[in-house]
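Descriptive structure summary
Read off the chains here:
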Amino acid sequence: MSLTYLLDHSSDLRKMIPNLKSQLTNSNGKILEKRDWKPEILVPSIGKSYEAGTIGTSFDYVARCILTKIVGTKNVESRSIVAENGAKYLQIALYDQDQALIYEKDESIRKERAEGYKLAQECEDELMQYIETNLDLAKEAMHEFSIGRLSLEKLVSHTIFLARLDAVFRTGSIVVVDTFLKSKFGKSYFSQKLTITDNQIADNVVQLAKIFEKYFKEIPMSHVSLNPVFLPYSCLVGGADADFIYDSTLIDIKAVTKFSYRGIDWAQVLGYAAMALAIDIEIKEAGIYFARYGKSAILKISPDMRRFLFKYLDSILETALELNLWNCPNIKKPFKIGKDFLDKLRKEKCTRCL
């Protein structure tokens, strides 16, 4: 559960966000006109939704590396990658087959995947060594690309692996073990529903990455925070992390097929901005980068918007309480965000939230 879940399940929160379309600008500060909302798509989407998810996550990893390359490693603040959590969770997921298979209606696929689980369990030590080795290679590839020693094409082959390892943690999918099983037994066991090849995925990611790099090379920036979290607020809503902040601009990446205004997207972006401001991260602009179009929509955070964001964060936290996304024994309604709220958490030594 996360801020995204919260917004999906609370129409009241979504309705708090005014229609901002007329205020949005491009990266140069020019208001987006009606004709600007009808650009030509540069990189068409391919595959099914679950394959598009792999493409999007793989691209997110590449985008991290591109931003690091642009500003230099010394000017980047980053957390550990989610794929590392996927590697830790994989051993649990290997033994969660009953839950994973119960929803598979195709008996032949269910039978084949059950066999895959059995083989993976029997080779667990060897499999985990394979995963750890390839995770280390992928992390090294990210570093090598960031300092200009590895090509984009070679990096992408590693980020596809990271995207599938990422999915272990986020969704419980263990498609990532298929490469190991195929190398050992000559057969894949979890890829029956894939409609595109890894080469097609890689090509799509490379196209997205080249447009992203060209776009952000032209934007002055001195410091980048990658996948920032906003504690304690991220914890209080079950999870919330933006894609990146450069200098004082917060950006969320969308690899969607339409360049359009959606209120729920801006409710998400402004949720991140509100949390950032509440912990004294200076945010002057917040926006969305539409990866398949190579364009952004940016909102300047005016004094009035800042005041609104603090009220919005109050409502986010109250809704999180109502939906049981957090259950802190030390904070009861009504409460007010800000210094007093944080001081109370620290005074009560609420390690669950801090």
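Above this text sits the structure in question.
Now for a description of the structure that goes with this document. A quick note: this is a predicted structure, and the numbers were derived from the prediction, not measured. (Residues numbered from 1 in each chain as written. Predicted model: local features only at pLDDT ≥ 70, side-chain atom pairs only at ≥ 80, totals over all residues. Heavy atoms only, no water.)

**Looking at the sheet that holds strand β5 (residues 285-290)**
The condition is simple: A strand pair is defined by DSSP finding two or more bridges across the two strands. Think of it this way: any DSSP run of H or I at least four residues long counts as a helix, any run of E at least two long counts as a strand, and we number them from the N terminus. Contact definition: two residues touch when any of their heavy atoms are within 4.5 Å. Interaxial angle, 0 to 180 degrees, is taken between N-to-C directions of lines fitted to C-alpha atoms, where a helix line uses only the stretch in contact.
The strand order across the open sheet formed by six strands is β1-β2-β3-β4-β5-β6, and the pairing between neighbours is mixed. The open sheet has two free edges, formed respectively by β1 (76-77) and β6 (295-300), since each of these has just one partner strand. Where strand β2 (residues 224-226) and strand β3 (residues 244-246) come together, three bridges link them in antiparallel fashion. The partner of Val 224 across the bridge, within β3, is Tyr 246. Strands in contact with helix α3 (residues 49-71) are β1, β2, β3, β4 (249-254) and β5; relative to β2, the strand with the most contacts, it is inclined by about 155 degrees.

**Let's talk about the pattern of salt bridges**
As a reminder, the rule being used: Any carboxyl oxygen of Asp or Glu that lies within 4 Å of a side-chain nitrogen of Lys or Arg is treated as forming a salt bridge with it. To sort residues, take the accessible area from a 1.4 Å probe on protein chains only and compare it with the maximum for the residue type: under 20% means buried, over 50% means exposed, and anything in between is partly exposed.
A full pass over the atoms with the stated rule returns 17 salt bridges. The shortest N-O distance in the salt bridge between Lys 217 and Glu 213 comes to 3.9 Å. One end of the pair, Lys 217, and the other, Glu 213, are both in helix α10 (residues 198-217), four residues apart, so they sit about a helical turn from each other. For Lys 217, a relative accessible area of 58% puts it in the exposed group. A salt bridge links Arg 262 to Asp 265; the shortest N-O distance between them is 3.0 Å. Taking the relative accessible area as the measure of exposure, Arg 262 reaches 45% and is therefore partly exposed. Here the salt bridges share partners, and the residues they tie into one network are Asp 252, Lys 254, Arg 262 and Asp 265.

**Concerning the packing of aromatic side chains**
Where we set the bar: Any Phe, Tyr or Trp ring, taking Trp's six-membered ring, that has another such ring centre within 6.5 Å forms a pair; planes under 30 degrees apart are called stacked, those over 60 apart edge-to-face, and the others tilted. Look at NZ for Lys and CZ for Arg. If either is within 6 Å of the ring centre and within 35 degrees of the ring normal, a charge sits over the ring.
Under the definition given, this model contains 18 aromatic pairs. Ring geometry for Phe 59 and Phe 212: centres 5.6 Å apart, planes at 85 degrees, overall edge-to-face. Taken together, the residues span a long stretch of sequence, with Phe 59 in helix α3 and Phe 212 in helix α10 at a distance of 153 residues. Of the two residues examined, Phe 59 and Phe 212, each falls in the buried class. Ring centres 4.5 Å apart and planes at 65 degrees place the aromatic pair Phe 259 and Phe 290 in the edge-to-face group. Of this pair, Phe 259 sits in the loop between β4 and α12 (263-278) while Phe 290 is found in strand β5, placing the two residues 31 residues apart along the sequence. Of the two residues examined, Phe 259 and Phe 290, each falls in the buried class. Put simply, the rings of Phe 59, Phe 212, Tyr 215, Phe 216, Phe 244, Tyr 246 and Tyr 289 touch in pairs and so form one group of aromatic residues. For the cation-ring pair, Lys 184 lies above Phe 185, with the distance from its terminal atom to the ring centre recorded as 6.0 Å.

**A closer look at empty space enclosed by the protein**
Rule in force here: Any residue with an atom within 4 Å of a point lines the site, the site being either a cavity, points on a 1 Å grid over the protein atoms alone where a 1.4 Å probe fits but cannot get out, or a pocket, an open set with protein on both sides within 12 Å along at least 5 of 7 lines. Grid points are joined across faces, edges and corners, and a volume is the space filled by probe spheres set on the points. Polar here means any residue outside two lists: the nonpolar Ala, Val, Leu, Ile, Met, Phe, Trp, Tyr, Cys and Pro, and the charged Asp, Glu, Lys and Arg; Gly therefore counts as polar.
Scanning all chains against the criterion turns up one cavity of 30 Å³ or more. Within this model, the largest cavity holds a volume of roughly 60 Å³. Asp 60, Ala 63, Arg 64, Leu 67, Leu 226, Asn 227, Asp 243, Phe 244 and Ile 253 together form the lining of the largest cavity. The biggest single contributor to the lining of the largest cavity is α3, with four residues. A class-by-class count of the residues in the lining of the largest cavity yields five nonpolar, one polar and three charged.

**Describing helix α6 (residues 107-122)**
Here is the rule: To estimate how far a helix should reach, multiply one less than its number of residues by 1.5 Å. Directions are taken from the helix axis to each C-beta atom, and the arc is the one they span.
Helix length check: α6, at 16 residues, gives a terminal C-alpha distance of 23 Å against a target of 22 Å (1.5 Å per residue), a fit within 8%. Here α6 has its buried residues at Ile 109, Arg 113, Gly 116, Tyr 117, Leu 119 and Ala 120. An end-on view of α6 places all buried positions within 165 degrees of arc, on one side of the element. With respect to the buried face of α6, the exposed residues turned more than 90 degrees away are Glu 107, Ser 108, Lys 111 and Glu 122. Buried residues in α6 make contact with α4 (82-93), α5 (97-101), α7 (124-146) and α9 (178-185).

**Some words on the packing of α4 against α7**
The following threshold applies: In what follows, roughly perpendicular refers to angles from 65 to 115 degrees, roughly parallel to angles under 35, roughly antiparallel to angles over 145, and oblique to any angle outside these ranges.
At a minimum axis separation of 11 Å, α4 and α7 run at an interaxial angle of 180 degrees. In terms of their interaxial angle, α4 and α7 are classed as roughly antiparallel. Seen from α4, the contacting residues are Ala 83, Glu 84, Ala 87, Leu 90 and Gln 91; seen from α7, they are Glu 124, Met 128, Ile 131, Glu 132, Leu 135 and Lys 139. A class-by-class count of the residues in the contact of α4 with α7 yields six nonpolar, one polar and four charged.

**Looking at the environment of Thr 73**
Along the chain, Thr 73 turns up in the loop between α3 and β1. Judged by relative accessible area, Thr 73 falls into the partly exposed class, the value being 42%. Once the C-alpha coordinates of Thr 73 and Ile 264 are considered, the two residues, 191 residues apart in sequence, prove to be 33 Å apart. Contact partners of Thr 73, with chain neighbours within four places excluded, come to Thr 68 and Ile 147.

**Quick look at the side chain of Ser 146**
Keep this limit in mind: Each polar contact in these results corresponds to two N or O atoms within 3.5 Å; when the atoms are within protein, one needs to be able to donate a hydrogen and the other to accept it, and residues that are neighboring in sequence are counted only if both atoms are side-chain atoms.
Within the secondary structure layout, Ser 146 lies in helix α7. Judged by its relative accessible area of 10%, Ser 146 is buried. At 2.7 Å, the side chain of Ser 146 forms a polar contact with the backbone oxygen of Met 142. Beyond its immediate chain neighbours, meaning those up to four positions away, Ser 146 contacts Cys 65, Thr 68 and Lys 69.

**Concerning α9**
Buried within α9 we find Asp 178, Phe 180 and Leu 181. Buried residues of α9 fall within an arc of 155 degrees about the axis and therefore sit on the same side. When the buried face of α9 is taken as reference, the exposed residues oriented beyond 90 degrees from it are Lys 182 and Ser 183. For α9, the elements touching its buried residues are α6 and α7. Trailing α9 by a residue or two, Gly 186 shows a phi angle of about 75 degrees, which is positive.

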